[in-house]
Amino acid sequence: MERLKKRSDFLRTARGYKRAMPGLVLQTRAHRAEDGEARPARIGYTASRRVGGAVQRNRARRRLREAVRKVLVGRARPGHDYVLIARPGTLTRKWDDLLRDLEKAAEDIHRAKPRRNSKHTNIHTFERGLD
RNA sequence: UCAGACGGCUGGAUGGCCGCCAUGUCCGGUUUACCGGCAUGGAGGAAAGUCCGGGCUCCAGGAAAACACGGUGCCGGGUAACGCCCGGCGGGGGCGACCCCAGGGACAGUGCCACAGAAAGCAAACCGCCGGCGGGCUUCGGCCUCCGGCAAGGGUGAAAGGGUGCGGUAAGAGCGCACCGCGCCGCCGGCAACGGGGGCGGCAGGGUAAACCCCACCGGGAGCAAAACCGAAUAGGGACUGCGCGGAGCGUCAGCUCCGGGCCCCGUUUUCCGGGCCGGCAGUCCGGGUUGGUUGCAUGAAGUCCGCCGCGAGGCUGGCUCAAGAUGAAUGGUCAUCGCAUGGGGCUUGCCCCAUGUACAGAACCCGGCUUACAGGCCGUCUGACGCC
């Protein structure tokens, strides 16, 4: 899956839908090219200093990346950007639980998302994300 | 055996499944592009803090001096260099091995020295000591007061103007003497810091420079997001042509030459040399450098082994090795087994079982240091006790 690399992509995705789990936070937002054609799903990772030092942040990002490879690859919808935010629990959560967290988060966030014309609506039960 | 001092090394292992980055005289998909295989390589002793010193890059036109600012501060050596390291010296601590020291100058000047104390920089006298045809009182021991001579003893303090002892004296005082300290002048040893010893001086000259300051030495600025190259769009920018020009000269014109003047060119100032600029409008052409890409970017004050020189830091010769290169940032995720510690239990005394823990921490241009963090493990040298011979 292609990676998100620009700060503006992260900021835009943070304005979309959000689901928090003990081991991670998942954000998503539809992103289509100018010609309206659906593009492959993209994924980005965020591990702030809240998680710990450089060692902890790197390890959290690697665990999330591996979880995405196992769980999200088959579930991600084309034309959507996803951002995974690491939390302190990302490091301590048991591996199987972390995988279930991501599964559940993806399921919830896709169900909560209206099927059509989601661009400007926002569901109030999902809190607004910070970058 | 116990207690301790110093120096050095190390920083888990194996396997299964699934992945990431780089490289390639490799294989396949039709050659390139690209895709899939295969092979090889892929974090540290501190990669950290970013505190010093350099390389490298750009900026400032070249050079010198002064000033300002900052840093360093016993001596000698090592080094590309250092505020680092090594070897000494001096002072302090420890029975000792060893450890610690911001360790130039306090007769260049200025400032400060709280509290306590009579007095904190110039000498001073609170309690005291001593003397007196002085005066008063007296229980005849002395007390009070006055005038002199003192600073030994007490007391305050971090520090009270040399210390200890003997002599001396009314009591005292370097007043005299000895030793120690201090100052000055030779001598000897040492490259030096400094050490040793001799003579003279009767003692002046408290501390603080981690207060300003003085002296000596060193120092341009910014940093790989430096910088170079390739390169969509837009504006500024440059060149040429036409109109146009501080003064003078030449010339038909285009223009050229000479003479001044102003401004600008490293923190500041001065001097010398050198250089640039001094307009606007129109047209044409060139160029321009943001997102992105490539280079910088890993062969270097490199590592390692032997030999030689050196007490050592280190140096020299020769051989061998090439050892991560990401950029929202690869070097991993997970599971299992083992190892190692600590505690508990079993017990066939060296095995088994259970539980817990397994640190600090992630390259970002590269080196030399320093500092800080760290579960544990290993090795060497030395010291002091006790025991044995």
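Just above, that's the structure.
Let me begin by describing the structure that accompanies this report. Counting from 1, residues in each chain are numbered in the order their sequence is written. To read the labels, note that chains go from A and ligands from 1, taken in the order they are written. Per-residue local features of the predicted model are confined to residues with pLDDT of at least 70, and side-chain atom pairs are confined, for both listing and counting, to 80 or more; whole-chain, interface and lining totals are unaffected and use all residues. Side-chain measures here rest on the full set of heavy atoms in the structure, leaving out hydrogens and waters.

1. Notes on the overall build of chain A
Alright, step 1. Across its full length, chain A holds 4 helices and 5 strands.
Alright, step 2. Counting from the N terminus, the helices are the DSSP runs of H or I reaching at least four residues and the strands are the DSSP runs of E reaching at least two. Taken from N to C terminus, the helices and strands of chain A fall in the order β-α-β-β-β-α-β-α-α.
Alright, step 3. Categorising residues by exposure relies on relative accessible area from a 1.4 Å probe, with only protein chains included: less than 20% of the type maximum marks a residue as buried, more than 50% marks it as exposed, and the intermediate range marks it as partly exposed. Here chain A holds 131 residues, and the buried ones make up 44% of them.
Alright, step 4. If you take every contact in chain A between residues at least 6 apart in sequence, the share linking residues at least 24 apart comes to 79%.
Alright, step 5. Values of accessible area rely on a 1.4 Å probe in the Shrake-Rupley scheme; residue burial ignores everything except the protein chains shown. Summing over all exposed atoms, chain A offers an accessible surface of approximately 8,200 Å²; the carbon and sulfur share of this is 47%. A contact between two residues is defined here by any heavy atoms of the two lying within 4.5 Å.

2. Side note on the sheet that holds strand S3 (residues 24-30)
Alright, step 1. Strands were regarded as paired on the criterion that DSSP finds at least two bridges between them. Strands sit in the order S1-S4-S5-S3-S2 across an open sheet of 5 strands; the sheet is mixed. Single-partner strands in this sheet number two, and they are strand S1 (2-3) and strand S2 (17-21).

3. So, the side chain of threonine 28
Alright, step 1. One can find threonine 28 in strand S3.
Alright, step 2. We classify threonine 28 as buried; its relative accessible area is 0%.
Alright, step 3. Whenever a nitrogen or oxygen atom comes within 3.5 Å of another N or O atom, the pair is scored as a polar contact, on the condition that within protein one atom can donate a hydrogen and the other can accept it, and that pairs from neighbouring residues in sequence are kept only if both atoms are in side chains. One polar contact links the side chain of threonine 28 to the main-chain carbonyl oxygen of aspartate 81, over a distance of 2.9 Å.
Alright, step 4. Leave out the neighbours within four places in its chain, and threonine 28 touches Thr13, Gly16, Tyr17, His80, Asp81, Tyr82 and Ile109.

4. Re the protein's contact with RNA strand B
Alright, step 1. Around RNA strand B, a shell composed of 19 residues is seen, among which Arg3, Leu4, Lys5, Arg7 and Arg69 lie nearest.
Alright, step 2. The sugar-phosphate portion of RNA strand B accounts for 67% of its atoms within 4 Å of the protein, the bases making up the rest.
Alright, step 3. For RNA strand B, a phosphate oxygen lies 3.0 Å from a polar atom in the side chain of arginine 62.
Alright, step 4. Among the elements of the structure, helix H1 (7-14), strand S4 (42-46) and helix H2 (54-72) are those that each provide at least two residues to the surface near RNA strand B.
Alright, step 5. Per element, the largest residue contribution to the surface near RNA strand B is 10 residues, and it comes from H2. Any residue with a non-hydrogen atom lying within 4 Å of a molecule or strand is treated as near it.

5. Description of the side chain of aspartate 101
Alright, step 1. Structurally, the position occupied by aspartate 101 is in helix H4 (residues 95-112).
Alright, step 2. For aspartate 101, a relative accessible area of 4% puts it in the buried group.
Alright, step 3. With residues up to four places along the chain from it excluded, the contact list for aspartate 101 reads Met21, Pro22, Gly23, Leu24 and Arg93.

6. Some thoughts on the environment of alanine 47
Alright, step 1. You can see alanine 47 is positioned in the loop between S4 and H2.
Alright, step 2. C-alpha of alanine 47 to C-alpha of arginine 61: the two residues are 14 residues apart in sequence and 6.5 Å apart in space.
Alright, step 3. Ignoring any residue separated from it by four or fewer positions in sequence, one finds alanine 47 in contact with Arg57 and Ala86.

7. Looking at H2
Alright, step 1. Over its 19 residues, H2 extends 25 Å from the first C-alpha to the last, a length consistent with the 27 Å expected when each residue adds 1.5 Å.
Alright, step 2. Among all positions of H2, only Ala60, Arg63, Leu64, Ala67, Val68, Val71 and Leu72 are buried. In a view along the axis of H2, the buried residues occupy a sector of 145 degrees, so they form one face of it. Structural note: H2 exposes Ala54, Val55, Arg69 and Lys70 on the side pointing more than 90 degrees away from its buried face.
Alright, step 3. Considering only its buried residues, H2 is in contact with S3, S4, strand S5 (80-86), helix H3 (89-92) and H4. For a helix, the expected span equals 1.5 Å multiplied by the residue count minus one. Taken from the helix axis, the directions to the C-beta atoms give the arc we talk about.

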